[in-house]
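Structure assessment
Each chain, written out:
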Amino acid sequence: MSAEVIAEEFEVLESIYPTELTKISEREIRIDVEPDDPVDGVEPLTLALNVEYTDEYPDALPKFTLEATQGELDEDEISHLHDELQRVGEENVGMAMTFTLVTHLRERLSGLMREREERKRREEEEKERRALEFPQAEEARTRGTPVTVESFRVWKIRFDKEMAAKRAREEDEKLKGLSPKEREEYKRMQTRLSGRRLFERDRNLGTLEEDVGDEDAVSVDISQYDRTNREEEENEEDRVTFSDSD
């Protein structure tokens, strides 16, 4: 392409973009691109389009690059816009295409701003929804679950099982501190003693456990304790019999 033809296109572009266009060299220009329909309440977004014309232009695409000059565009967005310009340029090979490229960019920037506005609106709606739901959820959490006869029955069954398991674990811990003979005697007593004697046995067993853990303690024979109890019971029976005969 001759310098005269390039100069002619530059002249047309300068008349369209008097403040936006900067001539870098005889074959390179820079145009600041703004959205054709800016959106209020959204961060402004502008780009710089750098175009370098080759000798084959317009029968071949010019070289062009994009740079964000206001607002933020991530690498994926820049890459996507570049691919779109490539496609638009290929559709206009053989004719002056710079104006078409700039027009497409202006439309796409407006589209990006509308997308960001919509995303911001959805985020605000979600924030409001959560703000409304939180008091309801907190109220439900603090209110608790209403108790019915059926729910209490289910809870009672579960509670009784947990307590039985706990007592079994505590019983195992007690037995671990006894000798095999003492454990056997303890189990035998468990099956025959009354509630009162069980209470007394548990109290004495606690003392026994402390004595077993003490190196200076005197060992206790539970069988002697049981024999004494039997003698006391026999004496009580004899006294009762004597009273009747009287």
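Small disclaimer: the values here were computed from a predicted structure and weren't measured.

Here's the deal with the pairing of strand S2 (residues 28–33)
Along S2, the buried face is formed by Ile29, Ile31 and Val33; none of Glu28, Arg30 and Asp32, which line the opposite face, is buried. In the sheet, strand S1 (residues 21–25) pairs with S2 via 4 bridges, with the strands oriented antiparallel. Bridging across to S2, Ser25 finds its partner in Glu28. Pairing geometry for S2 and strand S3 (residues 46–52), over 6 bridges, is antiparallel. Across the sheet, Ile31 pairs through a bridge with Leu49, a residue of S3.

Considerations on the sheet that holds S3
Across the sheet, 4 strands lie side by side as S1-S2-S3-S4; this open sheet has antiparallel pairing. Looking at strand neighbours, the two that pair on one side only are S1 and strand S4 (63–70), the edges of this open sheet. Each adjacent strand pair in this sheet contributes to an overall mean axis angle of 20°, direction not counted. Each of S1 and S2 is contacted by helix H1 (residues 3–16), which is oriented at about 155° to S1, the strand it contacts most. Here helix H2 (residues 75–91) sits on the sheet in contact with S3 and S4, set at roughly 140° to S4.

Looking at the pattern of salt bridges
Applying the stated rule across the entire model yields 15 salt bridges. Close ionic contact of Arg121 with Glu125 constitutes a salt bridge, the shortest N to O distance being 2.5 Å. With Arg121 and Glu125 both in helix H3 (residues 98–143), this residue pair falls 4 residues apart, about one helical turn. The class for Arg121 is partly exposed, based on a relative accessible area of 37%.

Some words on the nonpolar core
Ranked by size, the top nonpolar core spans 31 residues in total, and within it Ile29, Leu47, Leu49, Leu66 and Leu105 carry the most contacts. Of all the elements, H3 adds the most residues to this core, at 6 residues. Excluding residues within four positions of it along the chain, Leu105 makes contact with Val33, Leu47, Leu49, Leu66, Leu81 and Leu85.

Some points on H2
The terminal C-alpha atoms of H2, which comprises 17 residues, lie 25 Å apart, in line with the 24 Å expected from a rise of 1.5 Å per residue. Where H2 is concerned, the buried positions are Ile78, Leu81, Glu84, Leu85, Val88 and Gly89. Taken around the axis of H2, the buried residues stretch over an arc of 135°, which confines them to a single face. Along H2, the residues that are exposed and aim more than 90 degrees away from the buried face are Glu75, Asp76, Glu90 and Glu91. Where H2 begins, the capping side chain belongs to Asp74, and its oxygen is found 3.1 Å from the backbone nitrogen of Asp76.

Observations regarding the packing of aromatic side chains
Within the structure shown, the criterion is met by 5 aromatic pairs. Residues Tyr53 and Tyr57 carry aromatic rings whose centres are separated by 4.8 Å and whose planes lie at 70° to one another, so their mutual orientation is edge-to-face. When its relative accessible area of 2% is taken as the criterion, Tyr57 is described as buried. Judged by centre distance (5.1 Å) and plane angle (15°), the rings of Trp155 and Phe159 are stacked. Taken together, the positions of Trp155 and Phe159, both in helix H4 (residues 149–176) and 4 residues apart, correspond to about one turn of that helix. The class of Phe159 is partly exposed, set by a relative accessible area of 33%. Counting every residue linked through ring pairs, the aromatic cluster contains Phe10, Tyr53 and Tyr57.

Criteria and cut-off values
- Residues numbered from 1 in each chain as written.
- Predicted model: local features only at pLDDT ≥ 70, side-chain atom pairs only at ≥ 80, totals over all residues.
- Heavy atoms only, no water.
- Buried < 20%, exposed > 50% of the residue type's maximum accessible area, 1.4 Å probe, protein only.
- Helix = DSSP H or I, 4+ residues; strand = E, 2+ residues; numbered from the N terminus.
- Pairing = 2+ DSSP bridges.
- Axes fitted to C-alpha atoms, helices over the stretch in contact; angles between N-to-C directions.
- Contact = heavy atoms within 4.5 Å.
- Salt bridge = Lys/Arg side-chain N within 4 Å of Asp/Glu carboxyl O.
- Core = buried A, V, L, I, M, F, W, Y, C linked by side-chain atoms within 4.5 Å.
- Expected span 1.5 Å × (residues − 1).
- Arc of directions from axis to C-beta.
- Polar contact = N/O pair within 3.5 Å; in protein donor to acceptor, adjacent residues only side chain to side chain.
- Phe/Tyr/Trp six-rings, centres within 6.5 Å; stacked < 30°, edge-to-face > 60°.

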